[in-house]
Amino acid sequence: MIELSPIEIDGHMFKAVTVLLPKTTLLVVTSNKGYIMCGALDIGLLNEKLKDRNVIAGRAVGVKTIEQLLNAPLESVTFEAEKQGIYPGMIGKEAMLKMI
């Protein structure tokens, strides 16, 4: 099952995506500029093999809900995210506000 829902953070609207898979759930919160995702996101791939795409993204591990994703510290971020002032340790919702 795939669930798509709007989510508001400090008056700004984002999209939350939950994908239920066998033995795991993919979680994503996205704007038109970038996104944060659960531990399934491969930051190394984005930074190395897909570097030319300039993806702004962050990864939080150990989260099981969108709410947890928004409140968890990011474990890793892409090079492009760092250019936007997003860094490891930053809370997910704070990172999303930098992706407006």
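Notes on the structure follow. Since this is a predicted model, take the numbers as computed values, not measurements.

If you look at the biggest cluster of nonpolar residues, it comprises 31 residues, and the most contacted ones within it are V29, I36, L70, I86 and M96. Residues in contact with I36, not counting those within four places in the same chain, are L27, V28, V29, G58, L69, L70, L74, G92, A95, M96 and M99.

The next point concerns the environment of K51. Considering the arrangement of structural elements, one finds K51 in the loop between α1 (43-47) and β5 (57-59). The exposure class of K51 is exposed, given its relative accessible area of 53%. Considering only alpha carbons, one finds K51 and E67, 16 residues apart in sequence, at a separation of 29 Å.

Strand order across the open sheet formed by 6 strands is β1-β2-β3-β4-β5-β6, with mixed pairing between neighbours. The outermost strands of the open sheet, each flanked by one partner alone, are β1 (2-9) and β6 (76-77). Of the pairings in the sheet, the one linking strand β4 (residues 35-37) to β5 comprises 3 bridges and is parallel in character. Looking at the pairing, M37 lines up with R59 of β5.

The next subject is the side chain of T78. As for its placement among the helices and strands, T78 is situated in the loop between β6 and α3 (79-83). Non-local contacts of T78, meaning those with residues more than four positions away in its chain, are made with I43, L46, N47, V55, I56 and A57.

Before going further, it helps to examine the pairing of strand β3 (residues 24-30). Of the pairings in the sheet, the one linking strand β2 (residues 12-21) to β3 comprises 7 bridges and is antiparallel in character. Within β3, the residue paired with V19 across the bridge is L26. Connecting the antiparallel pair β2 and β3 is a turn made up of 2 residues, with K23 showing a positive phi of about 65°. Judged from the 3 bridges that link them, β3 and β4 form a sheet pairing that is antiparallel. Residue pairing in the sheet places T30 in a bridge with Y35 of β4. Adjacent in sequence and paired antiparallel, β3 and β4 are bridged by 4 residues.

Take the pattern of salt bridges next. Scanning all chains against the criterion turns up 2 salt bridges. Two residues, R59 and E75, come together in a salt bridge whose shortest N-O distance is 3.2 Å. Taken together, the residues R59 in strand β5 and E75 in the loop between α2 (66-71) and β6 connect sequence positions 16 residues apart. A residue is classified by how much of its surface remains accessible, and R59, at 21% relative accessible area, is partly exposed. Look at E75 and you get partly exposed, because its relative accessible area is 39%. Close ionic contact of K83 with E80 constitutes a salt bridge, the shortest N to O distance being 2.9 Å. Here the residue K83 and the residue E80 both occupy positions in helix α3, the gap between them amounting to 3 residues, near one helical turn. The class of K83 is exposed, set by a relative accessible area of 62%.

Calculation rules
Residues numbered from 1 in each chain as written. Predicted model: local features only at pLDDT ≥ 70, side-chain atom pairs only at ≥ 80, totals over all residues. Heavy atoms only, no water. Core = buried A, V, L, I, M, F, W, Y, C linked by side-chain atoms within 4.5 Å. Buried < 20%, exposed > 50% of the residue type's maximum accessible area, 1.4 Å probe, protein only. Contact = heavy atoms within 4.5 Å. Helix = DSSP H or I, 4+ residues; strand = E, 2+ residues; numbered from the N terminus. Pairing = 2+ DSSP bridges. Salt bridge = Lys/Arg side-chain N within 4 Å of Asp/Glu carboxyl O.

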